[in-house]
Amino acid sequence: MPAQGKHRRPKSTSLGRGLAAVTTGGAVLALPVIGATSAFAAPAPAAAPQAVAPAAVVAQANSAAKAAPAKHSVVAGETLSKIAREHSVSGGWKKLYEGNRKIVGSNPDLIHPGIKLVIGAKSAASSDDKASPSAARGASADRADRSERIEAAPVAKAAPAAEKKAVTYTNDLDGWIKESLAVMAEQGIPGTYEGIHRNIMRESSGNPAAINNWDSNAVKGTPSKGLLQVIDPTFQAYHVPGTSTDSYDPVANITAACNYAADRYGSIDNVFGAY
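Residues numbered from 1 in each chain as written. Predicted model: local features only at pLDDT ≥ 70, side-chain atom pairs only at ≥ 80, totals over all residues. Heavy atoms only, no water.

**Student:** Which residues make up the packing of helix α8 (residues 173–187) against helix α12 (residues 250–265), and what values do they have?
**Tutor:** Interhelical geometry of α8 versus α12 gives an angle of 50° and a closest axis separation of 9 Å. Between α8 and α12, the angle falls in the class oblique. The interaxial crossing formed by α8 with α12 has right-handed handedness. On α12, the residues touching Trp176, Ile177, Glu179, Ser180, Val183 and Met184 of α8 are Pro250, Val251, Ile254, Thr255 and Cys258. For the contact of α8 with α12, the per-class residue count stands at eight nonpolar, two polar and one charged. (Axes fitted to C-alpha atoms, helices over the stretch in contact; angles between N-to-C directions. Helix = DSSP H or I, 4+ residues; strand = E, 2+ residues; numbered from the N terminus. Parallel < 35°, antiparallel > 145°, perpendicular 65-115°, else oblique. Left-handed = near helix turned anticlockwise from the far one by under 90°. Contact = heavy atoms within 4.5 Å. Nonpolar A, V, L, I, M, F, W, Y, C, P; charged D, E, K, R; others polar.)

**Student:** Which residues make up the nonpolar core, and what values go with them?
**Tutor:** In this structure, Ile196, Ile200, Leu228, Ile254, Cys258 and Tyr275 are the most contacted members of the largest nonpolar core, which totals 24 residues. Secondary-structure elements contributing two or more residues to this core are α8, α9 (193–203) and α12. In terms of residue count, the dominant contributor to this core is α12 (eight residues). Every residue in contact with isoleucine 254, bar those within four places of it in the chain, is listed here: Trp176, Ile177, Ser180, Ile196, Ile200, Leu227 and Leu228. (Core = buried A, V, L, I, M, F, W, Y, C linked by side-chain atoms within 4.5 Å. Buried < 20%, exposed > 50% of the residue type's maximum accessible area, 1.4 Å probe, protein only.)

**Student:** Describe the pattern of salt bridges, with residues and values.
**Tutor:** Taken as a whole, this structure holds four salt bridges when the rule is applied. Aspartate 174 is the salt-bridge partner of lysine 178, the closest N and O atoms lying 3.2 Å from each other. Taken together, the residues span about one helical turn, with lysine 178 and aspartate 174 both in helix α8 at a distance of four residues. The exposure class of aspartate 174 is partly exposed, given its relative accessible area of 28%. Taking the shortest distance from any N to any O, the salt bridge between glutamate 194 and arginine 198 comes out at 3.3 Å. Of this pair, glutamate 194 and arginine 198 both sit in helix α9, separated by four residues, roughly a single helical turn. Here arginine 198 falls in the partly exposed class, since its relative accessible area comes to 22%. (Salt bridge = Lys/Arg side-chain N within 4 Å of Asp/Glu carboxyl O.)

**Student:** Please give an account of the layout of surface pockets that cites residues and values.
**Tutor:** Put simply, the second largest pocket is a space of about 270 Å³. Lining of the second largest pocket is provided by 14 residues; of these, Asn217, Ser224, Gln229, Ile231 and Tyr275 occupy positions nearest its centre. (1 Å grid on protein atoms, 1.4 Å probe; cavity = no way out; pocket = protein on both sides within 12 Å on 5 of 7 lines; lining within 4 Å. Points joined across faces, edges and corners; volume = space filled by probe spheres on them.)

**Student:** Tell me about α9, residues and numbers included.
**Tutor:** Buried residues of α9: Gly195, Ile196, Asn199 and Ile200, and no others. Down the axis of α9, the buried side of the element spans an arc of 125°, and every buried residue falls inside it. In the core, the buried residues of α9 are packed alongside α8 and α12. (Arc of directions from axis to C-beta.)

**Student:** Got a sec to walk through the packing of α8 against α9? Specific residues and values, please.
**Tutor:** Between α8 and α9, the least distance of the axes is 10 Å, while the angle of their chain directions is 130°. In terms of orientation, α8 and α9 fall into the oblique class. For the pair α8 and α9, the crossing hand works out as right-handed. Mapping the contact onto sequence places Leu173, Asp174, Ile177, Lys178, Leu181 and Met184 in α8 and Tyr193, Ile196, His197, Ile200 and Met201 in α9.

**Student:** Talk me through the packing of aromatic side chains; I want residue IDs and the actual numbers.
**Tutor:** Any pair of aromatic rings gets described here by the distance separating the centres and the angle formed by the planes. Going through the model one piece at a time under the given rule, you end up with two aromatic pairs. Aromatic pair tyrosine 238 and tyrosine 260: ring centres 5.4 Å apart, planes at 70°, arrangement edge-to-face. Here tyrosine 260 lies in helix α12 and tyrosine 238 lies in helix α11 (residues 232–238), a separation of 22 residues in the sequence. Between the aromatic rings of tyrosine 260 and tyrosine 275, the centroid separation amounts to 6.0 Å while the plane-to-plane angle is 40°, which identifies the pairing as tilted. Here the residue tyrosine 260 occupies a position in helix α12, and tyrosine 275 occupies one in the segment after α12, the gap between them amounting to 15 residues. Members of the aromatic cluster, connected to one another through ring pairs, are Tyr238, Tyr260 and Tyr275. (Phe/Tyr/Trp six-rings, centres within 6.5 Å; stacked < 30°, edge-to-face > 60°.)

**Student:** Please give an account of the environment of tyrosine 248 that cites residues and values.
**Tutor:** Here tyrosine 248 lies in the loop between α11 and α12. What makes tyrosine 248 partly exposed here is its relative accessible area of 28%. Separated by 23 residues in sequence, tyrosine 248 and lysine 225 have C-alpha atoms that sit 6.5 Å apart. Beyond its immediate sequence surroundings of up to four residues, tyrosine 248 is in contact with Pro208, Ala209, Ala210, Ile211, Lys225 and Gly226.

**Student:** Which residues make up the environment of arginine 202, and what values go with them?
**Tutor:** Within the secondary structure layout, arginine 202 lies in helix α9. By relative accessible area, which is 33% here, arginine 202 ends up partly exposed. Setting aside residues up to four positions removed in sequence, arginine 202 forms contacts with Val271, Phe272, Gly273, Ala274 and Tyr275. Polar side-chain contacts of arginine 202 include one of 2.8 Å to the side chain of asparagine 199. (Polar contact = N/O pair within 3.5 Å; in protein donor to acceptor, adjacent residues only side chain to side chain.)

Right, here's the structure in full:
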């Protein structure tokens, strides 16, 4: 029996070893706890995307709000350029006009108070162009035609002023005849420089103040006057509008005489004597 007792002591040692094992096992068991802690902490980084996601949604919503077309009611005195600047329209007034062509009409310089413009609208012209190539060609032709009209208008207005400045006449016989010929051309009265000059030299020697106080007309109280010696009744009957009503005026005298000669002889060029 005592021998058996001696054999039982190692059990206590074994128990101690078992406790140590338990302790060691406890240490080993502690490892899963640490692992578990680490495993439990792992999902934490996944929370970050969840926090970012709402911000992205808000940003997208803000972007969508900014991109959404806005309405602008035109008031008196506004222009497409001014409205485009106020709303920071990319592409300026041209882009604003393209998106509102149907509302504004064919003239971008004329916008009526009260109309509603869409800010940020897609170009109606672009949609039409995609839908119909012929519409694209028509729109391009319309823009080209309008551009030509706009560019040509100032030239057309300036031309008459330039012509008036360019045409000047000297205050002498040569200048009087040339100015008379210009008036005659406008009125459709025939005659040439040579025909007028030839008759003037015979009738008055080029003196616009010449007067005949001795012939039969003078006896009747209607003396012949001026460069082409026209009596007052004839001057009044054949006076050309736009010229002076004074029969001594060189240009008025020549044009009235040539008008009379055209009526009676076909042209002053056909006159070679008293007429």
